[in-house]
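The primary structure of each chain is shown beneath.
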Amino acid sequence: MKRRKFIQSILGIVGLSLSTGLYAWLIEPFYLEFVKINMPIKHLPEHLEGATLMQISDIHVGNRFNWNYLIDSFKKAQKFNPDYVVYTGDFVSYENSTQIEQLKKVMKHAVKGKKGSIAILGNHDYGKNWKQNVVANEVSNVLNNIGVLMLRNEQTEIDGLHFIGIDDFWGTNFNPKKAFKNYNNKKPTVTLCHNPDVCDLDIWGDYDSWILSGHTHGGQCKPPFLNPPLLPVKNKKYTAGKIELSKNRTLYINRALGHLWQVRFNVRPEITIFRLSNTSNPSS
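Residues numbered from 1 in each chain as written. Predicted model: local features only at pLDDT ≥ 70, side-chain atom pairs only at ≥ 80, totals over all residues. Heavy atoms only, no water.

## Thoughts on the confidence of the model for the protein
Considering every residue of the protein, the mean pLDDT works out to 92; 91% of them sit at 70 or more. Every residue in residues 6–17 is under pLDDT 50, and counting partners more than four places away or in other chains gives zero contacts. (pLDDT = per-residue confidence, 0-100. Contact = heavy atoms within 4.5 Å.)

Structure representation (structure tokens):
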């Protein structure tokens, strides 16, 4: 009897491990979650109260998973009809020029904001060892050509909302001083910065608004009640979600729509929808 119970226990463990592995491989990587969150912003004009800003990050077009899932996700996201859409980097998992052609096919279906669409680059958009400027330029061209404005250490304003786009921390064009040139903290502003470790650098001055990042994928696999074992950041507090920083800055880390490898556990892929509100409005 003891031997039978032992065998049953072993089979149960094997069965549980197998089912968990299949879930992490075949289900959760495509189990998209739309996360909705309020985004209070100082000096937001009245006509933008209740407007929506959608964040999409880390789509990783390439050969490591079926990127038709990305197109299906874009079609679902389009139904929310967002006012603004921001893409926070890592458009490709670059191997060769094929990924640029794949990206063109995927981005034909890109989600765009009614008012405007903005993007920044991530480390993978710089190709091998994050040093291939030609790849970064090609990715930028794909986005610009479909009407998504690529900000590379630049600012822009769309219908009263200001955006700052910082180029990737690990790439060859990281220049926050240029990005923040002539920044005015009396204007409602959102900053896009792929790698959240940049939040710990002495570059922010009097900036006191939102920072939208990606890069971490939330760790992609997270044991219940524990931190993810693998995070590509120095500051291990920067996993996913909303994080209050010093000097009234708020960081939000998107868990990524795509993935480097087709495996996720307890970290569903995410598209974030922010509802804009004025910080002085008590009903927001």
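Okay, back to it.
## Here's the deal with the sheet that holds strand β2 (residues 52–56)
As summarised here, the arrangement of the six strands in space is β1-β12-β2-β3-β4-β5, forming an open sheet in which the pairing is mixed. Looking at the sheet topology across the chains shown, the edges are occupied by β1 (33–41) and β5 (149–150). When β1 meets strand β12 (residues 270–278), the two strands line up parallel, connected through nine bridges. If you follow phenylalanine 34 over to β12, its bridge partner there is isoleucine 271. Strands in contact with helix α2 (residues 68–78) are β1, β2, β3 (84–88) and β12; relative to β1, the strand with the most contacts, it is inclined by about 50°. (Pairing = 2+ DSSP bridges. Helix = DSSP H or I, 4+ residues; strand = E, 2+ residues; numbered from the N terminus. Axes fitted to C-alpha atoms, helices over the stretch in contact; angles between N-to-C directions.)

## Focus: helix α4 (residues 133–145)
With 13 residues, α4 extends 18 Å from end C-alpha to end C-alpha; this agrees with the ideal 18 Å at 1.5 Å per step. Taken residue by residue, α4 has Val135, Ala136, Val139, Ser140, Val142 and Leu143 as its buried positions. Mapping the buried residues of α4 onto a view down its axis gives an arc of 155°, with all of them on the same face. Set apart from the buried face of α4 by more than 90 degrees, the exposed residues are Val134 and Asn145. As for α4, its buried residues are in contact with α3 (98–107), β4 (116–120) and β5. Where α4 terminates, the next one or two residues include glycine 147, which has phi positive at roughly 90°. (Expected span 1.5 Å × (residues − 1). Buried < 20%, exposed > 50% of the residue type's maximum accessible area, 1.4 Å probe, protein only. Arc of directions from axis to C-beta.)

## Re the pattern of salt bridges
Within this structure, the stated rule accounts for eight salt bridges. In this structure, aspartate 83 engages lysine 114 in a salt bridge whose closest nitrogen and oxygen atoms are separated by 3.4 Å. Of this pair, aspartate 83 sits in the loop between α2 and β3 while lysine 114 sits in the loop between α3 and β4, placing them 31 residues apart in sequence. Residue class for aspartate 83 comes out buried when judged on its relative accessible area of 12%. On the accessibility criterion, lysine 114 (52% relative accessible area) is exposed. Salt bridges sharing common partners tie together Glu33, Arg255 and Glu270. (Salt bridge = Lys/Arg side-chain N within 4 Å of Asp/Glu carboxyl O.)

## Examining the pairing of β2
Here β2 lies mainly inside the structure; five of its five residues are buried. Residues Thr52, Met54 and Ile56 point to one face of β2 and Leu53 and Gln55 to the other, with burial holding for every one of them. The pairing of β2 with β12 spans four bridges and is antiparallel. Along β12, the bridge assignment pairs methionine 54 with isoleucine 273. A crossover connection joins β2 to the parallel β3 through α2; in handedness this β-α-β unit is right-handed. (Right-handed = clockwise from strand over helix to strand, strands pointing away.)

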